[in-house]
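Structure assessment
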Amino acid sequence: MRLAGKVAAVTGAGRGIGRASAQRFAEEGAAVICADVDAKSLLDTVDAIHSCGGRASAVAADVSTLEGNKAIAAEALAQFGALDIFHANAGVQFLGRLENTPLEEWDHVHSTNLRGVYLGIVAALPMMRLRGGGSIVITSSLLGIVGDPDLPAYGATKGGLRAMCRSLAAALGPENIRVNTICPGDVETPLLQEFFAFQGDPEGARRLIEERYPLRRFAKPRDVANVAAFLCSDDASYLTGIDVVVDGGLLARIY
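The structure contained in this document is the topic of the report that follows. Keep in mind that what you see is a predicted model, and the values were worked out from it rather than measured.

Once that is clear, we can look at the sheet that holds strand E5 (residues 134–139). Spatially, the seven strands line up as an open sheet ordered E3-E2-E1-E4-E5-E6-E7, and their pairing is parallel. Because the sheet does not close on itself, it has two edges, and the strands there are strand E3 (55–60) and strand E7 (243–246). Pairwise comparison of adjacent strand axes, ignoring direction, gives a mean angle of 20° for this sheet. Pairing of strand E4 (residues 85–88) with E5 involves four bridges; the strand directions are parallel. Among the inter-strand pairings, Ile-85 is bridged to a residue of E5, identified as Ser-135. This element, helix H2 (residues 39–51), spans strand E2 (31–36) and E3 of the sheet and lies at about 175° to E3.

The next thing to look at is the layout of surface pockets. Quantified by volume, the second largest pocket comes out at close to 230 Å³. As for the second largest pocket, its lining consists of 14 residues, and the residues nearest its centre are Lys-6, Gly-133, Gly-134, Asn-176 and Asp-234. Taken together, the residues that form the lining of the second largest pocket break down as two nonpolar, seven polar and five charged.

Attention now moves to the side chain of Asn-113. Structurally, the position occupied by Asn-113 is in helix H4 (residues 103–131). A distance of 3.2 Å separates a polar atom in the side chain of Asn-113 from a polar atom in the side chain of Thr-157. Discounting residues that sit within four places of it in the chain, Asn-113 has contacts with Ala-90, Gly-91, Val-92, Tyr-154, Thr-157, Lys-158 and Leu-161.

Glancing now at the packing of aromatic side chains. Per the counting criterion, the structure on display carries three aromatic pairs. Cluster of aromatic residues (ring-pair linked, three or more members): Phe-195, Phe-196, Tyr-213 and Phe-218.

Moving on, we get to the environment of Val-46. Looking at where Val-46 falls in the secondary structure, it is placed in helix H2. Between the alpha carbons of Val-46 and Ser-57 there is a distance of 6.5 Å; along the sequence they are eleven residues apart. When neighbours within four sequence positions are excluded, Val-46 is seen to be in contact with Cys-34, Ala-56, Ser-57 and Ala-58.

What counts and how
Residues numbered from 1 in each chain as written. Predicted model: local features only at pLDDT ≥ 70, side-chain atom pairs only at ≥ 80, totals over all residues. Heavy atoms only, no water. Pairing = 2+ DSSP bridges. Helix = DSSP H or I, 4+ residues; strand = E, 2+ residues; numbered from the N terminus. Axes fitted to C-alpha atoms, helices over the stretch in contact; angles between N-to-C directions. Contact = heavy atoms within 4.5 Å. 1 Å grid on protein atoms, 1.4 Å probe; cavity = no way out; pocket = protein on both sides within 12 Å on 5 of 7 lines; lining within 4 Å. Points joined across faces, edges and corners; volume = space filled by probe spheres on them. Nonpolar A, V, L, I, M, F, W, Y, C, P; charged D, E, K, R; others polar. Polar contact = N/O pair within 3.5 Å; in protein donor to acceptor, adjacent residues only side chain to side chain. Phe/Tyr/Trp six-rings, centres within 6.5 Å; stacked < 30°, edge-to-face > 60°.

Printed below as a string of C-alpha coordinates:
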(Lines give C-alpha, C1' and ligand atoms only; values in the text may rest on other atoms or scores of the structure.)
Protein backbone atom coordinates (compact mmCIF):
# COMPACT_ATOMS: atom_id res chain seq x y z
CA MET A 1 0.00 0.00 0.00
CA ARG A 2 2.59 2.51 -1.16
CA LEU A 3 0.06 5.33 -1.55
CA ALA A 4 -1.88 4.85 1.68
CA GLY A 5 -3.13 8.15 3.05
CA LYS A 6 -2.65 9.93 -0.28
CA VAL A 7 -5.23 11.61 -2.49
CA ALA A 8 -4.74 11.36 -6.25
CA ALA A 9 -6.44 12.94 -9.25
CA VAL A 10 -6.30 11.29 -12.68
CA THR A 11 -7.51 12.94 -15.88
CA GLY A 12 -8.72 10.88 -18.80
CA ALA A 13 -9.75 8.28 -16.22
CA GLY A 14 -12.67 6.95 -18.23
CA ARG A 15 -10.62 4.57 -20.34
CA GLY A 16 -7.20 3.31 -21.31
CA ILE A 17 -4.17 4.42 -19.31
CA GLY A 18 -6.22 6.79 -17.16
CA ARG A 19 -8.60 4.08 -16.00
CA ALA A 20 -5.73 1.69 -15.30
CA SER A 21 -3.84 4.39 -13.40
CA ALA A 22 -6.85 5.29 -11.25
CA GLN A 23 -7.41 1.63 -10.41
CA ARG A 24 -3.72 1.08 -9.66
CA PHE A 25 -3.55 4.10 -7.36
CA ALA A 26 -6.60 2.83 -5.49
CA GLU A 27 -5.01 -0.60 -5.12
CA GLU A 28 -2.01 1.11 -3.54
CA GLY A 29 -4.26 2.78 -0.96
CA ALA A 30 -4.92 6.21 -2.46
CA ALA A 31 -8.29 7.91 -2.61
CA VAL A 32 -8.79 8.82 -6.27
CA ILE A 33 -10.55 11.67 -8.04
CA CYS A 34 -11.40 10.31 -11.49
CA ALA A 35 -11.90 12.99 -14.13
CA ASP A 36 -13.01 12.63 -17.73
CA VAL A 37 -15.15 14.45 -20.28
CA ASP A 38 -17.14 11.21 -20.84
CA ALA A 39 -19.36 10.86 -17.79
CA LYS A 40 -20.54 7.32 -18.55
CA SER A 41 -17.10 5.77 -18.92
CA LEU A 42 -15.99 7.74 -15.88
CA LEU A 43 -18.66 6.14 -13.70
CA ASP A 44 -17.60 2.71 -14.94
CA THR A 45 -14.09 3.41 -13.63
CA VAL A 46 -15.35 4.57 -10.25
CA ASP A 47 -17.65 1.57 -9.96
CA ALA A 48 -14.74 -0.76 -10.70
CA ILE A 49 -12.69 0.86 -7.93
CA HIS A 50 -15.55 0.69 -5.45
CA SER A 51 -16.19 -2.96 -6.27
CA CYS A 52 -12.62 -3.75 -5.16
CA GLY A 53 -12.99 -1.85 -1.90
CA GLY A 54 -11.24 1.31 -3.04
CA ARG A 55 -12.18 4.95 -2.58
CA ALA A 56 -12.96 7.09 -5.60
CA SER A 57 -15.08 10.00 -6.74
CA ALA A 58 -16.06 11.04 -10.26
CA VAL A 59 -16.02 14.51 -11.77
CA ALA A 60 -17.02 15.12 -15.37
CA ALA A 61 -14.61 17.79 -16.60
CA ASP A 62 -13.18 19.17 -19.80
CA VAL A 63 -9.47 19.60 -19.08
CA SER A 64 -9.05 22.09 -21.92
CA THR A 65 -10.92 24.64 -19.78
CA LEU A 66 -9.94 26.43 -16.59
CA GLU A 67 -13.36 25.64 -15.14
CA GLY A 68 -12.92 21.93 -15.73
CA ASN A 69 -9.58 21.84 -13.93
CA LYS A 70 -10.86 23.92 -11.04
CA ALA A 71 -13.70 21.41 -10.68
CA ILE A 72 -11.19 18.56 -10.32
CA ALA A 73 -9.32 20.35 -7.53
CA ALA A 74 -12.60 21.34 -5.85
CA GLU A 75 -13.79 17.72 -5.91
CA ALA A 76 -10.57 16.56 -4.27
CA LEU A 77 -11.01 19.14 -1.52
CA ALA A 78 -14.72 18.40 -1.01
CA GLN A 79 -14.44 14.63 -0.97
CA PHE A 80 -11.06 13.95 0.62
CA GLY A 81 -9.75 17.29 1.91
CA ALA A 82 -6.39 17.17 0.12
CA LEU A 83 -4.47 16.46 -3.07
CA ASP A 84 -1.06 14.79 -3.13
CA ILE A 85 -0.83 13.27 -6.62
CA PHE A 86 -1.85 14.58 -10.02
CA HIS A 87 -1.65 12.31 -13.06
CA ALA A 88 -2.16 14.55 -16.10
CA ASN A 89 -3.14 11.90 -18.60
CA ALA A 90 -6.07 13.10 -20.73
CA GLY A 91 -5.23 13.32 -24.42
CA VAL A 92 -6.64 13.33 -27.93
CA GLN A 93 -5.11 12.88 -31.37
CA PHE A 94 -5.71 13.86 -34.98
CA LEU A 95 -4.47 11.59 -37.74
CA GLY A 96 -3.12 13.26 -40.85
CA ARG A 97 -0.05 14.90 -42.33
CA LEU A 98 0.74 18.41 -41.15
CA GLU A 99 -0.51 20.08 -44.34
CA ASN A 100 -3.77 18.13 -44.02
CA THR A 101 -4.36 19.08 -40.40
CA PRO A 102 -7.11 21.74 -40.14
CA LEU A 103 -6.40 24.62 -37.81
CA GLU A 104 -9.33 23.70 -35.58
CA GLU A 105 -7.97 20.17 -35.14
CA TRP A 106 -4.46 21.48 -34.36
CA ASP A 107 -5.97 23.79 -31.74
CA HIS A 108 -8.16 21.02 -30.27
CA VAL A 109 -5.19 18.67 -29.80
CA HIS A 110 -3.08 21.42 -28.25
CA SER A 111 -5.83 22.74 -25.98
CA THR A 112 -6.42 19.26 -24.54
CA ASN A 113 -2.95 17.72 -24.50
CA LEU A 114 -0.76 20.71 -23.65
CA ARG A 115 -2.89 23.58 -22.35
CA GLY A 116 -4.98 21.08 -20.39
CA VAL A 117 -1.92 19.88 -18.48
CA TYR A 118 -0.84 23.46 -17.77
CA LEU A 119 -4.29 24.31 -16.42
CA GLY A 120 -4.51 21.11 -14.39
CA ILE A 121 -1.18 21.66 -12.70
CA VAL A 122 -1.99 25.30 -11.93
CA ALA A 123 -5.22 24.14 -10.25
CA ALA A 124 -3.50 21.33 -8.31
CA LEU A 125 -0.46 23.22 -7.00
CA PRO A 126 -2.12 25.19 -4.17
CA MET A 127 -3.38 21.98 -2.57
CA MET A 128 -0.04 20.24 -2.96
CA ARG A 129 1.69 23.16 -1.30
CA LEU A 130 -0.67 22.90 1.65
CA ARG A 131 0.43 19.26 2.00
CA GLY A 132 4.10 20.19 1.91
CA GLY A 133 4.82 18.38 -1.36
CA GLY A 134 3.44 16.01 -3.95
CA SER A 135 4.00 14.17 -7.18
CA ILE A 136 2.93 15.14 -10.69
CA VAL A 137 3.06 12.54 -13.44
CA ILE A 138 2.45 13.61 -17.03
CA THR A 139 1.58 11.13 -19.76
CA SER A 140 3.75 12.14 -22.69
CA SER A 141 4.57 9.65 -25.45
CA LEU A 142 7.33 8.02 -27.41
CA LEU A 143 6.11 10.41 -30.13
CA GLY A 144 7.45 13.27 -28.04
CA ILE A 145 10.90 11.77 -28.73
CA VAL A 146 10.58 10.32 -32.23
CA GLY A 147 8.18 11.14 -35.05
CA ASP A 148 5.19 9.64 -36.84
CA PRO A 149 4.30 11.30 -40.17
CA ASP A 150 0.58 10.98 -39.48
CA LEU A 151 0.63 12.42 -35.95
CA PRO A 152 2.42 15.80 -36.11
CA ALA A 153 -0.03 17.70 -33.90
CA TYR A 154 -0.02 14.95 -31.28
CA GLY A 155 3.77 14.64 -31.35
CA ALA A 156 4.21 18.39 -30.97
CA THR A 157 2.12 18.42 -27.81
CA LYS A 158 3.90 15.41 -26.34
CA GLY A 159 7.31 16.98 -26.96
CA GLY A 160 6.03 20.14 -25.30
CA LEU A 161 5.01 18.16 -22.23
CA ARG A 162 8.55 16.80 -21.84
CA ALA A 163 9.93 20.35 -21.90
CA MET A 164 7.27 21.54 -19.46
CA CYS A 165 8.20 18.71 -17.10
CA ARG A 166 11.80 19.86 -16.87
CA SER A 167 10.85 23.47 -16.18
CA LEU A 168 8.39 22.41 -13.51
CA ALA A 169 10.82 19.98 -11.88
CA ALA A 170 13.41 22.75 -11.59
CA ALA A 171 10.87 25.22 -10.21
CA LEU A 172 9.00 22.95 -7.80
CA GLY A 173 11.78 20.75 -6.45
CA PRO A 174 12.53 23.12 -3.55
CA GLU A 175 8.88 22.72 -2.51
CA ASN A 176 9.17 18.92 -2.42
CA ILE A 177 6.95 18.56 -5.50
CA ARG A 178 8.32 16.07 -8.02
CA VAL A 179 7.40 16.14 -11.73
CA ASN A 180 8.07 13.33 -14.20
CA THR A 181 6.77 12.14 -17.55
CA ILE A 182 5.93 8.70 -18.82
CA CYS A 183 6.60 8.11 -22.52
CA PRO A 184 4.70 5.01 -23.63
CA GLY A 185 5.04 3.38 -27.00
CA ASP A 186 1.94 1.78 -28.49
CA VAL A 187 -0.62 0.92 -25.82
CA GLU A 188 -3.80 -1.11 -26.30
CA THR A 189 -6.21 1.82 -25.99
CA PRO A 190 -8.94 3.38 -28.15
CA LEU A 191 -6.36 5.82 -29.54
CA LEU A 192 -4.31 2.91 -30.87
CA GLN A 193 -7.43 1.41 -32.43
CA GLU A 194 -8.08 4.75 -34.16
CA PHE A 195 -4.53 4.75 -35.51
CA PHE A 196 -4.82 1.32 -37.06
CA ALA A 197 -8.28 2.04 -38.45
CA PHE A 198 -6.66 4.98 -40.30
CA GLN A 199 -4.23 2.64 -42.10
CA GLY A 200 -4.99 1.07 -45.47
CA ASP A 201 -4.48 -2.44 -44.07
CA PRO A 202 -5.23 -2.23 -40.33
CA GLU A 203 -4.38 -5.85 -39.50
CA GLY A 204 -1.25 -5.82 -41.63
CA ALA A 205 -0.09 -2.58 -40.04
CA ARG A 206 -0.68 -4.01 -36.57
CA ARG A 207 1.37 -7.13 -37.31
CA LEU A 208 4.18 -5.13 -38.90
CA ILE A 209 4.51 -2.68 -36.01
CA GLU A 210 4.08 -5.27 -33.27
CA GLU A 211 6.91 -7.34 -34.74
CA ARG A 212 9.28 -4.39 -34.35
CA TYR A 213 8.95 -4.52 -30.58
CA PRO A 214 11.63 -6.67 -28.93
CA LEU A 215 8.96 -7.90 -26.50
CA ARG A 216 6.69 -8.65 -29.47
CA ARG A 217 3.60 -7.03 -28.00
CA PHE A 218 2.04 -3.65 -27.38
CA ALA A 219 1.76 -2.40 -23.83
CA LYS A 220 -1.36 -2.94 -21.80
CA PRO A 221 -2.68 0.12 -19.92
CA ARG A 222 -1.70 -1.66 -16.71
CA ASP A 223 1.96 -1.69 -17.80
CA VAL A 224 1.93 2.10 -17.87
CA ALA A 225 -0.15 2.43 -14.69
CA ASN A 226 2.42 0.38 -12.79
CA VAL A 227 5.08 2.96 -13.68
CA ALA A 228 2.79 5.84 -12.68
CA ALA A 229 2.19 4.25 -9.27
CA PHE A 230 5.93 3.82 -8.77
CA LEU A 231 6.67 7.44 -9.69
CA CYS A 232 4.07 8.68 -7.21
CA SER A 233 5.39 6.53 -4.36
CA ASP A 234 8.24 7.09 -1.93
CA ASP A 235 10.18 4.46 -3.87
CA ALA A 236 10.77 7.22 -6.44
CA SER A 237 11.45 9.98 -3.90
CA TYR A 238 14.69 11.08 -5.62
CA LEU A 239 13.33 11.09 -9.17
CA THR A 240 12.21 14.34 -10.75
CA GLY A 241 12.45 15.95 -14.17
CA ILE A 242 12.89 12.67 -16.05
CA ASP A 243 11.19 10.71 -18.82
CA VAL A 244 10.43 7.07 -18.12
CA VAL A 245 10.17 5.34 -21.49
CA VAL A 246 7.72 2.43 -21.41
CA ASP A 247 8.12 1.01 -24.89
CA GLY A 248 8.92 -2.70 -24.74
CA GLY A 249 12.42 -1.97 -26.02
CA LEU A 250 11.37 -0.24 -29.25
CA LEU A 251 13.90 2.61 -28.91
CA ALA A 252 16.67 0.07 -28.37
CA ARG A 253 16.46 -0.90 -32.04
CA ILE A 254 18.18 0.78 -34.95
CA TYR A 255 16.31 -1.16 -37.68
